[in-house]
Amino acid sequence: MTTTYALLLRGINVGGHRKVPMAELRSLLEGLGHRDVKTYLQSGNAVFTTDADQPDESVREAVEAAIERHFGFRVDCLVRDHAYLAAVASNCPYPAAELEGKQLHVFYLSAPVDEERFADLDRESFAPESFALGDRVLYLYAPDGLGRSKLGEVLSRPALFKGVTVTARNWNTVRKLVEMTG
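Overview of the structure. (Residues numbered from 1 in each chain as written. Predicted model: local features only at pLDDT ≥ 70, side-chain atom pairs only at ≥ 80, totals over all residues. Heavy atoms only, no water.)

If you trace the backbone, His105 turns up in strand S5 (residues 104-109). A relative accessible area of 6% places His105 in the buried class. Filtering out sequence-adjacent residues up to four positions away, His105 remains in contact with Leu138, Tyr139, Leu140, Leu146, Arg169 and Asn170. (Helix = DSSP H or I, 4+ residues; strand = E, 2+ residues; numbered from the N terminus. Buried < 20%, exposed > 50% of the residue type's maximum accessible area, 1.4 Å probe, protein only. Contact = heavy atoms within 4.5 Å.)

Quick look at the structure:
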């Protein structure tokens, strides 16, 4: 069985810290036996095909261990297949086709979260910004972009997602990863 995965690395190549050159990442993934390895941007997106009949979590664990051995630091990763990525895109509760890519973001989550986690947030105070939950994903609508988003700043606090690995991508990247894994 052949599966094509997207690998989403969290918090690399930001401000000169935790550097993971994409050429080295491609070589590392190929060294693990993956094929058709491609990267997208410098922010930690890779796509690869594998024959391994392994669950996503086994693939993730192997990649995280290899990255730590090679680069000397731990990088949290998420591994998602095409069907999941396509479902995230098609289930978006916002009018994605009408928005600029920088206005819509997806926070990919390692585990499901429920509304209770956000009970202390006064969502109305962030309007017109808003968010919605999906299957191991949080959609953020930030009309002025993530860099100016007050809600995005709050949602980026580690305490809010304690115990859950989170990595965000703008809508342009979400669409590109669907395309690359398809």
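After that view of the structure, there is still more to cover.
When we look at burial in helix H1 (residues 22-31), the residues that qualify are Met22, Leu25, Leu28 and Leu29. Down the axis of H1, the buried set is contained in an arc of 115°. They therefore lie on one face. Downstream of H1 by a residue or two, Gly33 has a phi angle that is positive, lying close to 95°. (Arc of directions from axis to C-beta.)

Following both chains from N to C, one finds helix H3 (residues 82-90) and helix H5 (residues 171-181) inclined at 145°, their axes separated by 9 Å at the closest point. Seen from above, H3 lies across H5 with left-handed handedness. From H3, His82, Leu85, Ala86, Val88 and Ala89 reach across to H5, where they touch Trp171, Val174, Leu177, Val178 and Thr181. The residue inventory of the contact of H3 with H5, partitioned by class, reads 8 nonpolar, 2 polar and no charged. (Axes fitted to C-alpha atoms, helices over the stretch in contact; angles between N-to-C directions. Left-handed = near helix turned anticlockwise from the far one by under 90°. Nonpolar A, V, L, I, M, F, W, Y, C, P; charged D, E, K, R; others polar.)

Turning our eyes to something else, we now look at the pattern of salt bridges. Under the counting rule described, the total for this entry stands at 9 salt bridges. Close ionic contact of Arg60 with Glu61 constitutes a salt bridge, the shortest N to O distance being 3.6 Å. Take Arg60: its relative accessible area is 14%, and that puts it in the buried class. With a shortest N-O distance of 3.3 Å, Glu64 and Arg74 are connected by a salt bridge. With Glu64 in helix H2 (residues 56-71) and Arg74 in the loop between H2 and strand S4 (77-81), this residue pair connects regions lying 10 residues apart in the sequence. Residue class for Glu64 comes out buried when judged on its relative accessible area of 5%. Overall, the relative accessible area of 42% leaves Arg74 in the partly exposed class. (Salt bridge = Lys/Arg side-chain N within 4 Å of Asp/Glu carboxyl O.)

It is worth spelling out the layout of surface pockets at this point. Any empty space left between atoms is shown by rolling a water-sized probe over those atoms. Put simply, the largest pocket is a space of about 620 Å³. Forming the boundary of the largest pocket are 25 residues, of which Arg10, Ser156, Val166, Thr167 and Ala168 lie nearest the centre. Broken down by secondary-structure element, the contributors of at least two residues to the lining of the largest pocket are S5, helix H4 (150-155) and strand S8 (166-170). When grouped by side-chain class, the residues that make up the lining of the largest pocket number 11 nonpolar, 9 polar and 5 charged. (1 Å grid on protein atoms, 1.4 Å probe; cavity = no way out; pocket = protein on both sides within 12 Å on 5 of 7 lines; lining within 4 Å. Points joined across faces, edges and corners; volume = space filled by probe spheres on them.)

Strand direction decides the pairing type here: strand S2 (residues 35-40) and strand S3 (residues 45-50), joined by 4 bridges, are antiparallel. In the sheet register, Arg35 faces S3, and the bridge partner there is Thr49. Count of turn residues in the S2/S3 antiparallel hairpin: 4 residues, of which Leu41 carries a positive phi of about 60°. (Pairing = 2+ DSSP bridges.)

This brings us to the sheet that holds strand S7 (residues 137-141). Reading across the sheet, the 4 strands line up as S6-S7-S5-S8 and stay open at both edges, with antiparallel pairing between neighbours. In this open sheet, the two strands that pair with only one neighbour each are strand S6 (130-134) and S8. Each strand axis lies, on average, 20° off the axis of its neighbour in the sheet, ignoring direction. Of the pairings in the sheet, the one linking S5 to S7 comprises 5 bridges and is antiparallel in character. Bridging from a neighbouring strand, His105 pairs with Leu140 of S7.

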